[in-house]
Amino acid sequence: MTAVLIIVAGLLGLAATGSAFAKFTKKEDVIKSVTHVGVKNEYIPLLAILEVLGALGLLAGIHSKPLGVAAAIGLALYFLGAVAAHLRVKDKVKDFAPALVLFLVAVGTVLLELGRH
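This is a predicted model, so every value here is computed, not measured. (Residues numbered from 1 in each chain as written. Predicted model: local features only at pLDDT ≥ 70, side-chain atom pairs only at ≥ 80, totals over all residues. Heavy atoms only, no water.)

Draft legend 1. Main features of helix H2 (residues 28–36). Restricting attention to buried positions, one finds in H2 the residues Val30, Ile31 and Val34. An end-on view of H2 places all buried positions within 95° of arc, on one side of the element. Residues Glu28 and Lys32 are exposed on H2 and point more than 90 degrees away from its buried face. Of the residues trailing H2, glycine 38 is marked for its positive phi of about 105°. (Buried < 20%, exposed > 50% of the residue type's maximum accessible area, 1.4 Å probe, protein only. Helix = DSSP H or I, 4+ residues; strand = E, 2+ residues; numbered from the N terminus. Arc of directions from axis to C-beta.)

Draft legend 2. Looking closely at the environment of alanine 106. Mapping alanine 106 onto the fold places it in helix H5 (residues 93–115). The class for alanine 106 is buried, based on a relative accessible area of 0%. C-alpha of alanine 106 to C-alpha of lysine 32: the two residues are 74 residues apart in sequence and 24 Å apart in space. If near-sequence neighbours (up to four positions away) are discounted, alanine 106 is found in contact with Leu12, Ala72, Leu75 and Ala76. (Contact = heavy atoms within 4.5 Å.)

Below is the structure:
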């Protein structure tokens, strides 16, 4: 595994874990953003669990390329869904820039995972 992959996947995993923590602890601005795009309160913990599972999958991906690829794809789809939800309600880019950046980092992680031997 390359150092670049470890760094990029590690940063993505930390970001996903931080996002999940904000949802689990009901950080006001995060909950407001999520509910603004139409997510019901009862589904917010599920979103957090998906983020944690993605981060754990990236960690497991250190030893298993298929798990790393699957986790990176899962997080890419998760953050793409977040971007789409913000676009659906016609938010400005500044409102979903973090999700967009994390989507791009997740795509980069997928490509790095696929490129490793």
